[in-house]
Amino acid sequence: MLRPISATTVGICCIGYAALNAYAQPGSAVSVEAQTVTRAASALMKSAEDSQAIFSEKSSSISQLGELADECSAQGWDGYDAAPIDAIALINAQNFLRALPSGTALPEFAPEPDGSISLDWIQSRYRIFSLSIGPSNRLAYAWLDGTDKGHAVAHFGGSIVPPRVLAGIKSIVGDSNAPIRIV
Amino acid sequence: MLPSGLSDHVDDEEELARFLHQSSLFTTTIVKPAALLPNPKDRETSVSRHGREPREALWEIGLAVAGTRKLYGAAVFKASDVRNAQLEVSADEPPPRHAVIKHWPWIDSDPELQKAKQRELALLISSASGPPLLC
């Protein structure tokens, strides 16, 4: 559960960040200890900046999901009488995104005719991992990896991405070569 | 012979179009599997028996399907791509040139397993279809 951040916390973070930034700048210090502190501060700064980027990417994706639900809120949004996106499916999809570990590529989204939401990791037309999130706590997924293909179902409790699903995503997009968005 | 002048049987080499009325159903490289999944009401996927050309006639049909919605393009694939995925395509007029992809797996006792199986088949058609034809 996300909780509001107090102004005091924000203030401390800002001061801490500014102080860290000062230490991270290469100065005139030449001692081994000073260089070690500078390197450590630089690493911390990078980590903090990466975290901000991750938060921003996920927030953006979660917003995109909301926009998609708005666009597909009427019966027949696809021209073929599809059901509107289900409100519980939307919450489940947002929770799934929040649960995705750092370093995992974020998916593309698509509405489904029954009101569920598709999360797709597309490497090419021959390498795709596709997951369906509906109102239940079970995820339907399938993959295509060259001539290899398959499907399965996994339980999602709302906070931890099922390991088999995570392994499937990574086998398609890898840890470092995802074409879309890496967080 | 059907009122449209097409044969009752959809030949393997015939091209089929699934019109795209939602921008998140495709990328520039592929039509996403969600665009091809069946409607749970009739358990079928509607398509039109029309290929990439002539383009004007294709979009004319797409606009008729779209009604007031925007038409972005179409996924175009062959009937053999559908049959290679162990599904069937049959003529279903009216309207003219209408056909349906049917025989999707349906497991009333396990809807998620049903969806997983359908998804795998939709992926096969999606992959065979390749990039969407955009308006």
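Given the structure is predicted, the values throughout are model-derived calculations rather than measurements.

Enquirer: Would you mind showing me how to read the overall build of chain B here?
Expert: In terms of regular secondary structure, chain B is built from three helices and six strands. Ordered by position from N to C terminus, the α and β elements of chain B give β-β-α-β-α-β-β-α-β. In terms of C-alpha radius of gyration, chain B reaches 14 Å, essentially the compact-globule figure of 14 Å for 135 residues. In terms of overall dimensions, chain B has a C-alpha envelope of 45 × 35 × 25 Å along the principal axes. Put simply, chain B has 135 residues, and 47% of those count as buried. Across chain B, the fraction of contacts at a sequence separation of at least 24, relative to all contacts at a separation of at least 6, is 73%.

Enquirer: Is there a simple way to explain the overall build of chain A in this structure?
Expert: Along the backbone of chain A there are four helices and seven strands. Shown N-terminal to C-terminal, the secondary structure of chain A runs as helices and strands in the order α-α-α-β-β-β-β-β-β-α-β. A buried classification covers 32% of the 183 residues belonging to chain A. Taking as baseline every contact in chain A between residues at least 6 positions apart, the subset at least 24 positions apart corresponds to 51%.

Enquirer: Looking at this structure, I do not really get helix H4 (residues 163–173) of chain A. What am I missing?
Expert: Owing to its 3.6 residues per turn, the α-helix aligns residues three or four sequence positions apart on the same side. Residue and element names in this part refer to chain A. Among the residues of H4, those classed as buried are Val-165, Gly-168, Ile-169, Ile-172 and Val-173. Down the axis of H4, the buried side of the element spans an arc of 110 degrees, and every buried residue falls inside it. Set apart from the buried face of H4 by more than 90 degrees, the exposed residues are Pro-163 and Ala-167. Against the buried residues of H4 lie strand E1 (105–106), strand E3 (117–124), strand E4 (127–133), strand E5 (138–145) and strand E6 (148–155).

Enquirer: What is the right way to read the sheet that holds E6 of chain A from this model?
Expert: Sheet strands associate in pairs through backbone hydrogen bonding, adopting either a parallel or an antiparallel arrangement. All names here are of chain A. The strand order E2-E3-E4-E5-E6 describes an open sheet built from five strands, whose pairing is antiparallel. Two strands in the sheet have a free side with no partner beyond their single neighbour: strand E2 (108–111) and E6. Averaged over all pairs of adjacent strands, the angle between their axes in this sheet comes to 20 degrees, without regard to strand direction. Of the strand pairs in this sheet, E4 and E5 are connected by six bridges, and their pairing is antiparallel.

Enquirer: So what exactly am I meant to see when it comes to the confidence of the model for chain A here?
Expert: Detailed reading of the predicted coordinates is not advisable wherever pLDDT falls low. For chain A, mean pLDDT is 79; residues scoring 70 or higher make up 66% of the total. Predicted confidence is poor over residues 176–183 of chain A, with pLDDT under 50, and the contacts of this stretch with residues over four places away or in other chains come to 16 contacts.

Enquirer: When you look at the interface of chain B and chain A in this model, what are you seeing that I'm missing?
Expert: In many analyses, interface size is given as the accessible surface area lost on bringing the parts together. Taken together, the contact pairs 31 residues of chain B with 34 residues of chain A. Elements represented by at least two residues in the side of chain B that touches chain A include exactly helix H1 (55–66) and helix H3 (111–129) of chain B. Looking at the side of chain B that touches chain A element by element, the count peaks at nine residues for H3 of chain B.

Enquirer: Looking at this model, I keep getting lost on unusual backbone geometry. Mind explaining?
Expert: Most peptide bonds take the trans form, and the phi angle of most residues other than glycine is negative. Residues and elements named next belong to chain B. In this structure, the amide linkage connecting Glu-53 to the following residue, Pro-54, adopts the cis form with an omega of -10 degrees. With respect to the helices and strands, Pro-54 occurs in the loop between strand E2 (45–48) and H1. With omega at -5 degrees, the peptide bond leading from Glu-93 into Pro-94 counts as cis. Within the secondary structure, Pro-94 sits in the loop between strand E4 (88–91) and strand E5 (98–102). Here the phi dihedral of Arg-97 falls at roughly 70 degrees; this positive angle occurs in a residue that is not glycine.

Enquirer: So what exactly am I meant to see when it comes to the environment of Pro-113 of chain A here?
Expert: Inspection of the secondary structure puts Pro-113 of chain A in the loop between E2 and E3. With 21 C-beta atoms counted inside 10 Å, the residue Pro-113 of chain A sits in the buried group. Sequence-wise, Pro-113 of chain A and Val-161 of chain A are 48 residues apart; in three dimensions their C-alpha atoms are separated by 24 Å. Setting aside residues no more than four positions away along its own chain, Pro-113 of chain A makes contact with Asp-78, Ala-82 and Ala-83 of chain A together with Leu-37, Pro-38, Asn-39 and Pro-40 of chain B.

Enquirer: Can you walk me through the environment of Ala-91 of chain B in this structure?
Expert: Within the element layout of this structure, Ala-91 of chain B appears in strand E4. The exposure class of Ala-91 of chain B is partly exposed, given the 17 C-beta atoms found within 10 Å.

Scoring rules and cut-offs
Residues numbered from 1 in each chain as written. Chains lettered and ligands numbered in written order. Predicted model: local features only at pLDDT ≥ 70, side-chain atom pairs only at ≥ 80, totals over all residues. Helix = DSSP H or I, 4+ residues; strand = E, 2+ residues; numbered from the N terminus. Rg over C-alpha atoms; globule rule 2.2 N^0.38 Å. Buried ≥ 20, exposed ≤ 12 C-beta atoms within 10 Å, placed from the backbone. Contact = placed C-beta atoms within 7 Å. Arc of directions from axis to C-beta. Pairing = 2+ DSSP bridges. Axes fitted to C-alpha atoms, helices over the stretch in contact; angles between N-to-C directions. pLDDT = per-residue confidence, 0-100.

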